[in-house]
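Single-letter residue listing:
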Amino acid sequence: MASAGRRSQELWNRAQQVIPGGVNSPVRAMASVGLTPPFIKAGRGCRIEDVDGNRYIDYVGSWGPLILGHAHPEVVAAVVKAAERGTSFGAPTEAEVRLGEKLCEIVPSLEQVRLVNSGTEATMSALRLARGFTGRDLIVKFAGGYHGHADGLLASAGSGLATLGIPSCPGVPAAVAGLTLILPYNDLEAVEEAFSRHPQEIAAVIVEPVAGNMGVVEPLEGYLAGLRALCDSFGALLIFDEVITGFRVALGGAQARYGVMPDLTCLGKIIGGGLPVGAYGGRREIMRKIAPVGPVYQAGTLSGNPLATAAGLKVLELLQIPKVYETLEETSARLYNGLAKLFAARGLPHYGQRVGAMFTFFCTEGPVTDWESAATSDTKLFARFYQAILKRGIYLAPSQFEATMISLAHDAEAVEQTLAAAEEALKEI
Ligand SMILES: *Cc1c(COP(=O)(O)O)cnc(C)c1O
């Protein structure tokens, strides 16, 4: 293991004793890149500081939520103000109505939306609803797609498991796993074939409309529209898991960017502005099946929590300011193009893909269109690059199969500093 700071190492040793693997979510461990993770003390804008006083420019952004950067003053103020009025009531509040209205205004396909506490809850609940609505049991998901850690969604589930080399998860009953059909991403023929084998049994196709959990992989031309058409012909629901892409690849998410409307949409990450929130929503006719109006049960003691709702509302309000997405696009493009040039100049295998404010450079020569091609990446080379750039104050997600997250807090200075660090890092490896 490369050395972490003294205080981080000490906390890491203690963490191992009381927390499995020392982390509360597996992707935070840095074993795959040969490191002990630095423990983070504070963040402001695009920068974070660890407990040993090391400073980094952060491109993880809490794995997506922090599109405004850390501790945005207006978001913090909104959360504090909400906390002073009470942290939870378990009763309806005005802020929930306003957040619901805002989500339906921004995300094109939403007519109704239910708030939950995480992306996992959103996808799990959307699948139950899809099954309840269609009266069918099978689900189609794509290899390399991650939709949270609910039982039926863990097979071939992208970065977290792939980084640890876990192909499928013990504890998921075969009977449950058997209800999920796993197909290659970006391959419409495979979907068509699955539908012709099970014409009356598939409740839903769930997809990350831009894959973010096998690294960033853009849908091929016509792919999303093709899924829409197949779902329509076979009476299945199309579910977009926009937990990462929502408010990131465009204000209205991938559905706005590509102009394809799903039946149900799952949201998370950015809508909580760094507090725990998820949501699922879609056509009124489908959403009416949820309790208390309909028979599909789904609930949550802290759902629509006042702090999380206040943060989410403020974030969305700030994202609706004109030109915000132009700025994000410019910053992302400048950094992405700069890095592409550096990789090319150094003659290292790389294949980059960027959609809006997220991108990945795969350490591979060929085009990456699905999990199989993503998995050809040289993860040892990635680990060397990771170590070399972390040392120079650039904090990336510690896996080849993750997205680099750009925020509005990444300014020109941060981009320049990152490119300079990358140039040095690439020289070293
Ligand atoms: C992160 C993520 C989830 C799960 O969200 P959690 O809040 O971690 O439960 C679901 N789907 C996608 C696409 C994600 O990236």
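See the structure shown above.
An account of the accompanying structure is given in this report. (Residues numbered from 1 in each chain as written. Predicted model: local features only at pLDDT ≥ 70, side-chain atom pairs only at ≥ 80, totals over all residues. Heavy atoms only, no water.)

### Quick look at the overall build of the chain
- Of the regular secondary structure elements, the chain holds 15 helices and 14 strands.
- The C-alpha atoms of the chain give 21 Å as radius of gyration, which agrees with the globular expectation for 429 residues (22 Å, within 12%).
- Considered along the principal axes of its C-alpha atoms, the chain spans approximately 55 × 55 × 45 Å.
- Across the 429 residues that make up the chain, the buried fraction comes to 54%.
- Contacts in the chain between residues far apart in sequence, at least 24 positions, make up 74% of those at least 6 positions apart.
- Surface exposure of the chain reaches about 18100 Å², of which carbon and sulfur atoms provide 54%.
- Looking at charge distribution, the chain has the averaged site of its 37 positive side-chain charges lying 5 Å from that of its 43 negative ones. (Helix = DSSP H or I, 4+ residues; strand = E, 2+ residues; numbered from the N terminus. Rg over C-alpha atoms; globule rule 2.2 N^0.38 Å. Buried < 20%, exposed > 50% of the residue type's maximum accessible area, 1.4 Å probe, protein only. Contact = heavy atoms within 4.5 Å. Areas by Shrake-Rupley, 256 points an atom, 1.4 Å probe, with all protein chains shown as cover. Lys, Arg positive; Asp, Glu negative; His and termini not counted. Charge placed at Lys NZ, Arg CZ, Asp CG, Glu CD.)

### Brief notes about helix α11 (residues 306-319)
- The terminal C-alpha atoms of α11 lie 20 Å apart, and with 14 residues this matches the ideal 20 Å at 1.5 Å per residue to within 8%.
- In terms of burial, α11 is largely enclosed, as 13 of its 14 residues are buried.
- Sitting at the amino-terminal end of α11 is Asn-305, which places a side-chain oxygen 3.0 Å from the backbone nitrogen of Leu-307. (Expected span 1.5 Å × (residues − 1). Polar contact = N/O pair within 3.5 Å; in protein donor to acceptor, adjacent residues only side chain to side chain.)

### Details of the side chain of Ser-373
- Positionally, Ser-373 belongs in helix α13 (residues 371-374).
- Excluding anything up to four places from it in sequence, Ser-373 contacts Pro-367 and Val-368.

### Observations regarding the pairing of strand β1 (residues 40-44)
- Pairing between β1 and strand β2 (residues 47-50): four bridges, direction antiparallel. The residue of β2 that forms the bridge with Ile-40 is Asp-50.
- Following β1, the chain reverses through two residues before pairing antiparallel with β2; Gly-45 in that reversal takes a positive phi of roughly 60°. (Pairing = 2+ DSSP bridges.)

### Some points on the site of the ligand
- In the vicinity of the ligand, the contacting residues are Ser-118, Gly-119, Thr-120, Tyr-146, His-147, Gly-148, Glu-208, Asn-213, Asp-241, Val-243, Ile-244 and Lys-269.
- Lys-269 is positioned such that a nitrogen or oxygen atom in its side chain is 2.7 Å from an oxygen atom of the ligand.
- Within the shell around the ligand, the residues separate by chemical class into three nonpolar, six polar and three charged. (Near = heavy atom within 4 Å. Nonpolar A, V, L, I, M, F, W, Y, C, P; charged D, E, K, R; others polar.)

### Topic: the environment of Gly-144
- Looking at the secondary structure, you find Gly-144 in the loop between β5 (138-142) and α5 (159-164).
- Residue Gly-144 is classed as buried on the basis of its relative accessible area, which comes to 1%.
- In this structure Gly-144 touches Ser-156, Ala-157, Gly-158, Glu-208, Asn-213, Met-214 and Trp-371, once residues within four positions along its chain are discounted.

### Here we look at the packing of helix α2 (residues 73-84) against α11
- Closest axis-to-axis distance for the α2/α11 pair is 8 Å, and the angle between their directions is 150°. Regarding the angle of α2 to α11, the classification is roughly antiparallel. Every pair of crossing elements has a handedness; the one defined by α2 and α11 is right-handed. Here Glu-74, Val-75, Ala-78, Val-79, Ala-82 and Ala-83 of α2 come into contact with α11, specifically with Pro-306, Leu-307, Ala-310, Ala-311, Lys-314, Val-315 and Leu-318.
- Among the residues making up the contact of α2 with α11, the classes are represented as eleven nonpolar, no polar and two charged. (Axes fitted to C-alpha atoms, helices over the stretch in contact; angles between N-to-C directions. Parallel < 35°, antiparallel > 145°, perpendicular 65-115°, else oblique. Left-handed = near helix turned anticlockwise from the far one by under 90°.)

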